[in-house]
Amino acid sequence: MISDRFPRLRVAHLPTPLEPLDRLSALLGGPRIWIKRDDCTGLATGGNKVRKLEFLLADALRAKADVVITTGAVQSNHVRQTAAFCAKLGLELVALLEDRGANDPTFKRSGNLFLDRLFAAQTRIVPAGTDMRALSTTTAEELRAAGRRPYVIPTGGSNSIGALGYVEAAAELLDQAAAMNLTIDEIVHPTGSGGTQAGLLLGLAARKHLVPVLGVSVGKPRQELEAIVLAIAQETAANALPEVTVDPQTVHVDSDYVGDGYGLPTEAMAEAVKLVARCEGLLLDPVYTGKAMAGLIARIRAGRHAASRNIVFWHTGGSAGLFAYPAALGLTAEAEETGTAALGAP
Ligand SMILES: *Cc1c(COP(=O)(O)O)cnc(C)c1O
């Protein structure tokens with residue numbers, strides 16, 4: 001097992017549930033959709049970063065760090081989960097936040113950023129386009145010069161240590177499906193900085209159980225992101241599982257549902273978030289899972305998934321971000337009525 005060789009802090013509530021979305025599946029009239037509830041990993045409203053941080057922050061403690069530096073967008077879920085995890089460990093967090101995403105007045109007061117501040121992270125907002133990697137390097141140098149021991153976690157926790165969380169998650173899903181006698185035909189999930197997809201692909205390859213994985217991009221174009229996912233998967237394999245290879249042919253990203261860019265709402269996202277809320281009582285988010293679900297819905301409507309199949313939608317969390325985007329879903333009293341009718345929500 002990987003966790004025998006790499007230190008891991010067990011904080012996440014695992015295994016996360018695997019549940020059928022019966023009403024959504026029936027409404028779409030296509031394959032049976034299942035949901036892997038990584039929005040229920042348990043730390044500060046949950047999400048996929050907790051799995052990565054179990055390995056990353058264990059490594060930070062091993063390195064005897066006394067302060068953590070990480071980067072993300074203003075409404076980063078990764079930063080919020082890192083802030084909560086650091087609070088639990090008594091570690092200081094310096095959060096460098098790039099000013100990108102929606103241009104909404106509540107954006108810099110609400111949602112994840114509000115929670116970062118609740119967890120007493122030091123938040124520094126810098127202009128869009130800042131070289132965040134360079135900024136974390138110089139910030140670490142400054143802290144070192146001041147006698148501190150900083151540990152830098154890249155955006156999204158996506159490196160060969162963070163990805164181990166999803167190598168283990170792939171095994172968790174396969175075990176769960178086996179116990180339920182369920183054959184999974186495909187996994188669909190949002191992909192951003194690539195660590196989740198890289199870990200899943202490596203974890204599936206390690207078990208020689210190559211369920212197709214589709215990452216729905218929330219920002220980067222397909223080819224660029226496929227190259228990033230492959231590079232993280234290969235680096236993680238080299239560090240942790242040198243006997244396993246990830247075939248580049250298994251790396252699939254669809255970047256057709258990004259819209260105008262990372263964190264910018266799309267109509268299909270708003271439709272998907274409302275539809276899933278109204279027929280399953282389930283929260284998605286505007287930046288990641290809403291766009292990925294919009295992609296899955298569009299693909300099912302286009303007949304790209306046979307009705308006999310079982311598709312797992314990996315819910316990677318993010319619903320805290322909903323509160324930073326009140327306008328994106330158009331939920332004024334008037335829009336509410338027409339919106340519901342247009343959806344044909346049950
Ligand atoms: C970070 C994040 C993702 C993307 O995961 P990556 O490993 O960065 O690709 C997906 N969904 C949510 C809610 C996230 O916060």
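Sequence positions are assigned chain by chain, starting from 1 and proceeding in written order. Thresholds applied to this predicted model are a pLDDT of at least 70 for local features of residues and 80 or more for the giving and counting of side-chain atom pairs; totals over whole chains, interfaces and linings are not thresholded and use all residues. Side-chain figures throughout are based on the complete set of non-hydrogen atoms in the structure, without hydrogens or water.

Student: It is not clear to me how the packing of aromatic side chains should be interpreted in this structure. Could you clarify?
Tutor: Within a pair of aromatic rings, the relevant descriptors are the distance that separates the centres and the angle that separates the planes. When the centres of two rings from Phe, Tyr and Trp lie within 6.5 Å, Trp using its six-membered ring, the rings pair. Their planes under 30 degrees apart give stacked, over 60 give edge-to-face, and anything left gives tilted. Tallying each qualifying case throughout the model produces 3 aromatic pairs. Considering the side-chain rings of Tyr 166 and Trp 314, the 5.8 Å spacing of their centres and the 65 degrees angle between planes classify their relative orientation as edge-to-face. Of the two residues, Tyr 166 is situated in helix α7 (residues 164-179) and Trp 314 in strand β10 (residues 310-315); the sequence distance between them amounts to 148 residues. Exposure is judged per residue with a 1.4 Å probe applied to protein chains only, and the accessible area is read against the type maximum: over 50% gives exposed, under 20% gives buried, and values in between give partly exposed. Relative accessible area serves as the criterion here: at 0%, Tyr 166 is assigned to the buried category. Take Trp 314: its relative accessible area is 0%, and that puts it in the buried class. Here Tyr 262 and Tyr 288 contribute two aromatic rings whose centre-to-centre distance is 5.9 Å and whose plane-to-plane angle is 70 degrees, an arrangement assigned as edge-to-face. With Tyr 262 in the loop between β9 (252-254) and α10 (267-280) and Tyr 288 in the loop between α10 and α11 (289-301), this pair connects stretches of sequence that are 26 residues apart. Tyr 262 sits in the buried class, given a relative accessible area of 18%. Each helix is a run of H or I in the DSSP string that is no shorter than four residues. Each strand is a run of E no shorter than two, and both are numbered from the N terminus.

Student: Can you help me understand the side chain of Ser 110 in this one?
Tutor: As for its placement among the helices and strands, Ser 110 is situated in the loop between β4 (92-99) and α5 (111-118). Two N or O atoms count as a polar contact when they lie within 3.5 Å, although within protein this holds only if one can serve as hydrogen donor and the other as acceptor, and sequence-adjacent residues are included solely when both atoms are side-chain atoms. At a separation of 2.9 Å, a polar atom in the side chain of Ser 110 contacts the main-chain carbonyl oxygen of Phe 323.

Student: Would you mind showing me how to read the domain arrangement of the protein chain here?
Tutor: Many authors give the size of an interface as the accessible area that is lost as the parts come together. Under the domain assignment used here, the protein chain contains domain 1 (2-47 + 160-343) and domain 2 (49-157). Contact residues are listed per partner, giving 43 residues for domain 1 and 35 residues for domain 2. Once two parts are joined, some of their accessible surface, as seen by a 1.4 Å probe, is lost; buried area is that loss totalled over both. Between domain 1 and domain 2, the buried area comes to about 3000 Å², and carbon and sulfur atoms account for 65% of it. When the buried surface of domain 1 facing domain 2 is broken down by residue, Leu 9, Leu 43 and Tyr 262 rank first, second and third, together holding 21% of it. Criterion for a salt bridge: a side-chain nitrogen of Lys or Arg within 4 Å of a carboxyl oxygen of Asp or Glu. Put simply, domain 1 and domain 2 have 3 salt bridges between them. The set of elements that each furnish at least two residues to the side of domain 1 that touches domain 2 consists of α1 (2-5), α7 and α8 (195-206). With 6 residues, α7 is the largest single contributor of residues to the side of domain 1 that touches domain 2. Residue type decides the class: Asp, Glu, Lys and Arg count as charged, Ala, Val, Leu, Ile, Met, Phe, Trp, Tyr, Cys and Pro as nonpolar, and the leftover types, Gly among them, as polar. Tallied by class, the residues present in the side of domain 1 that touches domain 2 amount to 23 nonpolar, 14 polar and 6 charged. In this entry, domain limits derive from an automatic or database-based domain assignment. Whether two residues touch is decided by their heavy atoms; if any such pair falls within 4.5 Å, the residues are in contact.

Student: Please clarify how helix α4 (residues 77-89) should be interpreted in this entry.
Tutor: It helps to recall that an α-helix has 3.6 residues per turn; residues three or four apart then point in one direction. What a helix is expected to span follows from its residue count: subtract one and scale by 1.5 Å. In a regular helix each residue adds 1.5 Å, so 13 residues correspond to 18 Å; α4 covers 18 Å between its end C-alpha atoms and thus fits that length. Within α4, 10 of the 13 residues are buried, leaving the element largely enclosed by the surrounding structure. Those residues of α4 that fall on the buried side of the exposure criterion are Asn 77, His 78, Val 79, Arg 80, Gln 81, Thr 82, Ala 83, Ala 84, Phe 85 and Cys 86. Against the buried residues of α4 lie α3 (49-62), β3 (67-73), β4, α5 and β6 (150-153). Its side-chain oxygen 3.2 Å from the backbone nitrogen of His 78, Ser 76 forms the N-cap of α4. One or two residues past the end of α4 sits Gly 90, with phi positive at roughly 70 degrees.

Student: Help me out: how do you make sense of the site of the ligand in this one?
Tutor: Note on terminology: near, applied to a residue and a molecule or strand, indicates that one of the residue's heavy atoms is within 4 Å of it. Around the ligand, 16 residues are found, and the nearest of them are Lys 49, Lys 52, Ser 193, Thr 196 and Thr 316. One nitrogen or oxygen atom from the side chain of Lys 52 is found 2.6 Å from an oxygen atom belonging to the ligand. The backbone of Gly 194 places a nitrogen or oxygen atom 2.9 Å from an oxygen atom of the ligand. Computed with a 1.4 Å probe, the accessible areas rest on the Shrake-Rupley method; for each residue, only the protein chains presented here act as cover. Here the ligand, which alone exposes 380 Å², has 98% of that area covered by the protein. Judged by its atoms lying within 2 Å of the grid points, the ligand is housed in the largest pocket. Elements represented by at least two residues in the shell around the ligand include exactly α3, β7 (186-191) and α8. Here the shell around the ligand is composed, by residue class, of 2 nonpolar, 12 polar and 2 charged. Two domains each put at least three residues into the shell around the ligand: domain 1 (2-47 + 160-343) and domain 2 (49-157). With a 1 Å grid spanning the protein atoms alone, the term cavity applies to any set of points in which a 1.4 Å probe fits but cannot get out, the term pocket to an open set with protein on both sides within 12 Å along at least five of seven lines, and the term lining residue to any residue with an atom within 4 Å of a point. Occupancy of a cavity or pocket is assigned to a molecule whenever over half of its atoms lie within 2 Å of that pocket's grid points.

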